[in-house]
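Secondary and tertiary structure notes
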Protein chains: 2
Amino acid sequence: MRHLLIYDMIEAVHRSGSIRKAAEDTNITASALNRRIQAFEEEFGSEIFERLPRGMRLNPAGELLLHHIRLQRQDLLRVHSQVADLSGVRRGHVKIACSQALLPYFLPREISKYRAEFPDVTFSVNVRDRIQAEQDLVTFESDLALVFEPAHMVNFEVLHAVHQPVMAVMSAAHLLADRKSLRLRECLEYDLVLPARQFGVRVLLDQAAARFGRKLEPALETDSFDMVRHFAAYGHGIGFQIPVGLNDLARPDMSFIPIAARDIAGGELYLGHLKGRTLPVAALKFANQVMTALSYA
Amino acid sequence: MRHLLIYDMIEAVHRSGSIRKAAEDTNITASALNRRIQAFEEEFGSEIFERLPRGMRLNPAGELLLHHIRLQRQDLLRVHSQVADLSGVRRGHVKIACSQALLPYFLPREISKYRAEFPDVTFSVNVRDRIQAEQDLVTFESDLALVFEPAHMVNFEVLHAVHQPVMAVMSAAHLLADRKSLRLRECLEYDLVLPARQFGVRVLLDQAAARFGRKLEPALETDSFDMVRHFAAYGHGIGFQIPVGLNDLARPDMSFIPIAARDIAGGELYLGHLKGRTLPVAALKFANQVMTALSYA
DNA sequence: GCATAGTGATGCAAAAAATGCAGCGCTTTG
DNA sequence: CAAAGCGCTGCATTTTTTGCATCACTATGC
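For every chain, the first residue of its written sequence is number 1, and the numbers climb from 1 along that sequence. For this description, chains carry letters from A and ligands carry numbers from 1, given in the order in which they are written. Local features in this predicted model are restricted to residues whose pLDDT is 70 or higher, and side-chain atom pairs enter the listing and the counts only when it is 80 or higher, whereas totals over whole chains, interfaces and linings include all residues. Excluded from the side-chain calculation are hydrogens and water; included are all heavy atoms of the structure.

With that settled, the discussion passes to the protein's contact with DNA strand C. Near residues are defined by distance, with any heavy atom within 4 Å of the molecule or strand qualifying the residue. In the region of DNA strand C, 22 residues are neighbours, and Ile19(A), Arg20(A), Asn34(A), Thr29(B) and Arg35(B) sit closest. Here, DNA strand C places atoms within 4 Å of the protein, and 60% of those atoms are sugar or phosphate. Arg2(A) is positioned with one of its side-chain polar atoms (N or O) 3.4 Å from a phosphate oxygen of DNA strand C. Nitrogen and oxygen atoms within 3.5 Å of one another constitute a polar contact, given that in protein one can donate a hydrogen and the other can accept it, and given that sequence-neighbouring residues count only through two side-chain atoms. One of the side-chain nitrogen or oxygen atoms of Thr29(B) is found 2.3 Å away from a phosphate oxygen of DNA strand C. Numbering of helices and strands runs from the N terminus, with a helix taken as a DSSP run of H or I at least four residues long and a strand as a DSSP run of E at least two residues long. Put simply, the parts of the chain that give the surface near DNA strand C at least two residues each are helix H2 (19-26), helix H3 (30-44) and strand E2 (55-58) of chain A together with helix H3 (30-44) of chain B. Classification convention: Asp, Glu, Lys, Arg as charged; Ala, Val, Leu, Ile, Met, Phe, Trp, Tyr, Cys, Pro as nonpolar; all other residues, Gly among them, as polar. Each residue belonging to the surface near DNA strand C can be placed in one class, and the counts come to 6 nonpolar, 7 polar and 9 charged.

Residue and element names in this part refer to chain B. Along strand E12 (residues 267-274), 7 of the 8 residues are buried, which leaves the element largely enclosed by surrounding structure. Each pair of strands is called paired provided DSSP finds at least two bridges between the two strands. Summarising the sheet, strand E5 (residues 144-148) and E12 pair through 4 bridges and their orientation is antiparallel. Residue leucine 146 lies in a different strand from E12, and its bridge partner there is leucine 271. Three labels apply to residues, based on accessible area from a 1.4 Å probe with only protein chains included: buried if under 20% of the type maximum, exposed if over 50%, partly exposed otherwise in between.

With that settled, consider helix H8 (residues 200-211) of chain B. Residues and elements named next belong to chain B. One less than the number of residues in a helix, times 1.5 Å, gives the span that helix is expected to have. Given a rise of 1.5 Å per residue, 12 residues ought to cover 16 Å, and the 17 Å separating the end C-alpha atoms of H8 matches this to within 8%. Among the residues of H8, those classed as buried are Gly200, Val201, Arg202, Leu204, Leu205, Ala208 and Ala209. Once H8 finishes, glycine 213 follows within two positions and takes phi at roughly 70°, a positive value.

With that out of the way, let us pick up the relation of the copies chain B and chain A. The atoms used to superpose the copies are C-alpha atoms, taken from residues with pLDDT of at least 70 in both, and the fit is least squares. Under the fitted operation, chain B is carried onto chain A by 0.1 Å of movement along the axis and a turn of 179°, and the coordinates agree to an RMSD of 0.2 Å. Put plainly, the chains are arranged around a two-fold axis. Across chain B, the smallest distance between a C-alpha and the rotation axis is recorded for Gly276(B), namely 1.9 Å. Looking at the interface residues of chain B, 100% of them are also at the interface in chain A, so both copies use one shared face. We call two residues in contact whenever any of their non-hydrogen atoms come within 4.5 Å of each other.

Taken together, 22 residues are adjacent to DNA strand D, and Thr29(A), Arg35(A), Ile19(B), Arg20(B) and Asn34(B) come closest. Atoms of DNA strand D within 4 Å of the protein belong to the sugar or the phosphate in 60% of instances, the rest to bases. With respect to DNA strand D, the side chain of Arg35(B) contributes an N or O atom lying 3.3 Å from a base oxygen. Taking Arg51(B), its side chain carries an N or O atom lying 2.9 Å from a phosphate oxygen of DNA strand D. Elements represented by at least two residues in the surface near DNA strand D include exactly H3 of chain A together with helix H2 (19-26), H3 and strand E2 (55-58) of chain B. A class-by-class count of the residues in the surface near DNA strand D yields 6 nonpolar, 7 polar and 9 charged.

All names here are of chain A. If you trace the 5 strands from one edge of the open sheet to the other, you get E9-E8-E10-E7-E11, paired in mixed fashion. In this open sheet, the two strands that pair with only one neighbour each are strand E9 (220-222) and strand E11 (254-258). When the angles between neighbouring strand axes are averaged without regard to direction, this sheet yields 25°. Angles shown run from 0 to 180 degrees and are taken between the N-to-C directions of axes, each axis being a line fitted to C-alpha atoms and, for helices, limited to the stretch in contact. Across the sheet, helix H8 (residues 200-211) is in contact with strand E8 (192-195), E9 and strand E10 (238-241); its angle to E8 comes to roughly 125°. Contacts from helix H9 (residues 225-234) reach strand E7 (167-171), E8, E9, E10 and E11 within the one sheet, and its direction differs from that of E8 by about 170°.

We now examine the pattern of salt bridges. Residues and elements named next belong to chain A. Counted as salt bridges are all cases of a side-chain nitrogen of Lys or Arg within 4 Å of a carboxyl oxygen of Asp or Glu. Across all of its chains, the model carries 37 salt bridges over all chains by this definition. Residue aspartate 263 is joined to arginine 183 by a salt bridge in which the shortest nitrogen-to-oxygen separation is 2.9 Å. Of the two residues, aspartate 263 sits in the loop between E11 and strand E12 (267-274) while arginine 183 sits in the loop between E7 and helix H7 (184-187), which places them 80 residues apart along the sequence. Note on arginine 183: relative accessible area 32%, which makes it partly exposed. Three or more residues are tied together by salt bridges with common partners; here these are Asp8, Glu11, Arg70 and Arg73.

Residue and element names in this part refer to chain B. For each structure, a 1 Å grid was placed over the protein atoms alone; sets of points admitting a 1.4 Å probe that cannot get out are labelled cavities, open sets with protein on both sides within 12 Å along at least five of seven lines are labelled pockets, and lining residues have an atom within 4 Å of a point. Grid points are joined across faces, edges and corners, and a volume is the space filled by probe spheres set on the points. Scanning all chains against the criterion turns up 5 cavities of 30 Å³ or more. Counted as a void, the largest cavity has a volume near 100 Å³. Lining the largest cavity are 13 residues, with Ser99, Phe148, Phe199, Gly200 and Phe225 positioned closest to its centre. For the lining of the largest cavity, a count of residues per class yields 6 nonpolar, 4 polar and 3 charged.

Listed by partner, the interface residues are 25 residues for chain B and 25 residues for chain A. Between chain B and chain A, the buried area comes to about 2300 Å², and carbon and sulfur atoms account for 67% of it. At the boundary of chain B and chain A, one finds 0 salt bridges. Counting across the chain B and chain A interface gives 10 residue pairs in polar contact (both at pLDDT 80 or more). In the side of chain B that touches chain A, the residues fall into 15 nonpolar, 7 polar and 3 charged. Accessible area that two parts lose when put together, with a 1.4 Å probe and added across both, is what the buried area reports.

Residues and elements named next belong to chain A. In these notes, a set of buried Ala, Val, Leu, Ile, Met, Phe, Trp, Tyr and Cys residues joined through side-chain atoms within 4.5 Å is what counts as a nonpolar core. In this structure, Phe240 and Phe286 are the most contacted members of the largest nonpolar core, which totals 53 residues. No other element matches helix H10 (residues 281-295), which puts 8 residues into this core. Each of two domains, domain 2 (90-163 + 268-295) and domain 3 (166-265), supplies a minimum of three residues to this core. Not counting chain neighbours up to four residues away, the residues in contact with phenylalanine 286 comprise Val94, Ile96, Leu107, Glu110, Ile111, Tyr114, Phe123 and Leu144. Where each domain begins and ends follows an automated or database-derived domain assignment.

Once that is clear, we can look at the pairing of E2(A). Side-chain direction in a regular strand flips from residue to residue, so the side chains alternate between the two faces of the sheet. All names here are of chain A. Sheet analysis places strand E1 (residues 49-52) next to E2, joined by 4 bridges and oriented antiparallel. Paired with leucine 52 across the two strands is glycine 55, which belongs to E2. With antiparallel pairing between neighbouring strands as the criterion, E1 and E2 make up a hairpin whose turn holds 2 residues.

Here the largest pocket defines a volume of roughly 1200 Å³. Taken together, 42 residues form the lining of the largest pocket, with Lys275(A), Gly276(A), Arg277(A), Gly276(B) and Arg277(B) sitting closest to its centre. With 9 residues, helix H4 (residues 60-86) of chain A is the largest single contributor of residues to the lining of the largest pocket. Partitioned by chemical class, the residues of the lining of the largest pocket number 16 nonpolar, 14 polar and 12 charged. Volume-wise, the second largest pocket comes out at about 570 Å³.

If you want it as structure tokens, here you go:
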């Protein structure tokens, strides 16, 4: 959109931190770019950049404007997608920020299912912890977030929530593998493989352990849920995961056993978007599909 | 904002229904305007106007775009007002759609109070019935709506609600003027002056009368709440109003008596804005003031 | 302590885009 | 069937934007 080029330029300057660098990205001369920024500030009624000896930085007014620009752009995208929808074409792009737990089974399955019906809809999936996910929504980096026990929820509008107990994950050959339920205390007798502290499951585990005066000392601490599963599968250790990230059928060599609710109540997996946003058609339809999938999981 | 001129042009064409008429409003030639519209449609990827023999009309895609344009413009206004706020200047403009009942005392008082603190904030007040008010929010004609018993509430995000019993309004010399409470049945013995059918108070009255098999036959039916008060004050009739529109001190010649709750439960006066909107600073601050005023009314 | 490389700003001429004018083809209206 | 109103378009003109060269300034490195 030619008339919104100035917004691209502002963002380019913001990203690169200097007019000259931004000029290259924008395929324009530094002088032209400089004058457009100046003209814009003149019209806007206030400066939006601080002029530092090393370049340009957004001032508070610029930060506010930047958010408007992003909102504006995303809303225009939504209009485009709705217009495409009018003419019967189902196009669009859905951007998802999600917890690692959704990657192995849940999201691939849901995305395939959706694209089977609407092959012209494309997806981006960004792995984010529960703090980053909300930030992603604020910057319009993602349309939807699917996270376990999100941290703030200030800008988060919940579309759906589903309860997830904490599951112990171990080799099918493990001594405890045939149990229907496990007490947390029993697990502590074995090597533990735990997700890093920024993850929701870990927080729940730490809290539970603290309640009976223990501190968890994992044999392996990792930020990869894949690693948790693999280490548990091939060693004698015990890992922890939430059900949505597990699949009995795919792993007959492993055993997944819920931790007794009196030890760890579990947490909520939330699907949501930025408060007050109107989602593009494609994102909204996909969100609806995910909601039913979560309900019958 | 020069780069958003095309939006003004689109709106001008939409308003006037033809390029040639819109060209005059825009201070531009019809040919130039025509080509800008065409260029925009080209870029946008689809036509936004239907070409009729008598002029131009927005097609569905155009309607969607128009809403985006309005949202975009209002959000930019909000940014401006927040930027002004940054530099310590409290500027802005607050647009209110409200019921007639708020006009005589409530809004003048609140607006004065607000402007005493921030004299550079200006206001527009549009009198709207409960159906129009919501429409006003959707078209961004107003930032805030303050209405009694709104009709749909689909696009309405409630900030505050306060209960309002229905009050009988009469001359201080009226036979019933000294009562502490009135049954609806008693009022029906006298000449009635009622607001027209689109108003919330009237709806409540009609419903209540219907419950004991009566149909209200007003001596005077009017769409002016002022008229209701004046007729009641100078005749022997009885009018009806909600408390927020009345002021004992200002009218010692009149008497305001609540109708028994078992006859008419009353209704809610709502303060709200368009669902999902971020209000400009000034509108938000004023809304907060109104909320406290309503709470202690 | 001074050269260097980086920054944003600006005057001026060239290039590009937008505009105004006049006129075409069309449809409805009286 | 003429008149009036509509959107559209070719062409000359005006306005705006751009690129180049250069200035003034400030950290950084030797």
